[in-house]
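Commentary on secondary and tertiary structure
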Amino acid sequence: MSFWTSFAPHSRDLYDSLYPARYIKMKTIWKIEGMSCGHCVAAVKSAIESVPGVDQVAVSLEPGRATVVGSPEPAAIAKAVEEEGYSAAEIGQES
Ligand SMILES: [Cu+2]
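Structure report, in brief. (Residues numbered from 1 in each chain as written. Predicted model: local features only at pLDDT ≥ 70, side-chain atom pairs only at ≥ 80, totals over all residues.)

1. A closer look at the pairing of strand β2 (residues 54–60)
- Here β2 runs beside strand β3 (residues 65–70); their pairing, made up of six bridges, is antiparallel. Note that in β3 the partner of Gln-56 across the bridge is Val-69. (Pairing = 2+ DSSP bridges. Helix = DSSP H or I, 4+ residues; strand = E, 2+ residues; numbered from the N terminus.)

Have a look at this one:
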């Protein structure tokens, strides 16, 4: 058995130990304040989509929520949303 074939079964564990949690894809739930119509929803969605590391975004007007899948910097999400004139606070996550 070569080094690499013996190594491979453990590669996922190794990956997880080498890379901090922020690089592993997570689903985070955000409370978004200030949205009042479909244009606001679209603006928040595209702002979050522009953040590096974001793979998928779903935004709902009522209640104001965004679900983000990917491995972005949380601070970058809040900043992107705030630049559009809304506020974002992380309220939960799942791996
Ligand atoms: Cu609006």
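What follows continues from the structure just given.
2. Some points on the packing of helix α3 (residues 38–49) against helix α4 (residues 74–83)
- Taken N-terminus to C-terminus, the directions of α3 and α4 make an angle of 140°; their axes are 9 Å apart at the nearest point. With respect to each other, α3 and α4 are oriented oblique. Crossing of α3 over α4 shows right-handed handedness. Counted together, Val-44, Ala-47 and Ile-48 of α3 and Ile-77, Ala-80, Val-81 and Glu-83 of α4 form the full contact between these two elements.
- Counted by class, the contact of α3 with α4 contains six nonpolar, no polar and one charged residues. (Axes fitted to C-alpha atoms, helices over the stretch in contact; angles between N-to-C directions. Parallel < 35°, antiparallel > 145°, perpendicular 65-115°, else oblique. Left-handed = near helix turned anticlockwise from the far one by under 90°. Contact = placed C-beta atoms within 7 Å. Nonpolar A, V, L, I, M, F, W, Y, C, P; charged D, E, K, R; others polar.)

3. Some points on the environment of Lys-31
- Secondary-structure assignment places Lys-31 in strand β1 (residues 26–33).
- In this structure Lys-31 comes out as partly exposed when scored by C-beta crowding, with 14 C-beta atoms within 10 Å.
- Between the C-alpha atoms of Lys-31 and Ala-88, which are 57 residues apart in sequence, the distance is 5.6 Å.
- Setting aside its immediate chain neighbours within four residues, Lys-31 contacts Gly-64, Arg-65, Ala-89 and Ile-91. (Buried ≥ 20, exposed ≤ 12 C-beta atoms within 10 Å, placed from the backbone.)

By themselves these figures say nothing about function.
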